[in-house]
Amino acid sequence: MEILRQNGYPKTQYVGIEDLFPAGQLVSSPAQEEAKMRYLKEQQLERTLSSMDGVISACVSIAQANNSEGNIDNSAPEKSVESVAVYIKYSPEVNMSGVEAQIHNLIKNAISGL
């Protein structure tokens with residue numbers, strides 16, 4: 001069991017868009033829709049990073065910042081990404097230093113406003 005755990009098994013189950021947006025659901029608020037989309041984006045990035053050779057597990061967290069300056073209607077502030085945190089657990093048998101720039105570019109290009 002310990003060997004399986006060290007190698008990232010059992011693998012993480014990711015939520016799909018059909019789970020967050022079930023058919024026949026009532027209309028949700030724009031803030032709820034944005035939170036769902038951000039969560040899906042985090043899940044997709046985690047899935048992509050986890051599929052890389054040598055990666056045991058990955059975690060991505062996108063932090064939002066409210067930019068209400070210049071908005072007359074403060075009930076619907078414009079959103080922008082403030083930062084992204086990425087944690088990758090990888091096998092010590094694999095040299096990941098060569099893919100750091102690729103991971104950085106993947107995250108930067110996947111999230112607008114970063």
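Residues numbered from 1 in each chain as written. Predicted model: local features only at pLDDT ≥ 70, side-chain atom pairs only at ≥ 80, totals over all residues. Heavy atoms only, no water.

### Let's talk about the overall build of the chain
From N to C terminus, the chain includes four helices and two strands. When the helices and strands of the chain are read in sequence order from the N terminus, they spell out α-α-α-β-β-α. A total of 114 residues make up the chain; the buried ones form 24% of that total. Just so you have it, the chain exposes about 8,200 Å², and 54% of that area is on carbon and sulfur atoms. (Helix = DSSP H or I, 4+ residues; strand = E, 2+ residues; numbered from the N terminus. Buried < 20%, exposed > 50% of the residue type's maximum accessible area, 1.4 Å probe, protein only. Areas by Shrake-Rupley, 256 points an atom, 1.4 Å probe, with all protein chains shown as cover.)

### Here's the deal with the packing of helix H3 (residues 30-50) against helix H4 (residues 100-110)
Put simply, H3 and H4 touch, their axes get as near as 12 Å, and they point 155 degrees apart. On the basis of their axis angle, the class for H3 and H4 is roughly antiparallel. The two elements H3 and H4 meet at a crossing, and its hand is right-handed. The residues of H4 that touch H3, namely those facing Lys-41, Leu-45, Thr-48 and Leu-49, are Ile-103, Leu-106, Ile-107 and Ala-110. Within the contact of H3 with H4, the residues separate by chemical class into six nonpolar, one polar and one charged. (Axes fitted to C-alpha atoms, helices over the stretch in contact; angles between N-to-C directions. Parallel < 35°, antiparallel > 145°, perpendicular 65-115°, else oblique. Left-handed = near helix turned anticlockwise from the far one by under 90°. Contact = heavy atoms within 4.5 Å. Nonpolar A, V, L, I, M, F, W, Y, C, P; charged D, E, K, R; others polar.)

### Looking at the nonpolar core
Residues Leu-45, Leu-49, Val-55, Ala-58, Val-60, Ile-62, Ile-88, Met-96, Val-99, Ile-103, Ile-107 and Ile-111 constitute the largest nonpolar core, which totals twelve residues. Of all the secondary-structure elements, those providing two or more residues to this core are H3, strand E1 (55-67) and H4. Among the elements that line this core, the one with the most residues is E1, at four residues. (Core = buried A, V, L, I, M, F, W, Y, C linked by side-chain atoms within 4.5 Å.)

### Focus on the confidence of the model for the chain
In the predicted model, the chain carries a mean pLDDT of 78, and 75% of its residues have values of at least 70. Model confidence for the chain, summarised as mean pLDDT per element, is weakest for helix H2 (residues 17-20) at 66 and strongest for H4 at 90. Segment residues 69-77 is flagged for pLDDT under 50; beyond a separation of four residues in sequence, or across chains, it makes five contacts in the model. (pLDDT = per-residue confidence, 0-100.)

### Quick word on the environment of Met-52
Looking at where Met-52 falls in the secondary structure, it is placed in the loop between H3 and E1. For Met-52, a relative accessible area of 23% corresponds to the partly exposed category. Each C-alpha atom, one on Met-52 and one on Met-96, is 10.0 Å from the other, the two residues being 44 residues apart in sequence. Contacts of Met-52, omitting those with residues within four sequence positions, involve Val-99 and Ile-103.

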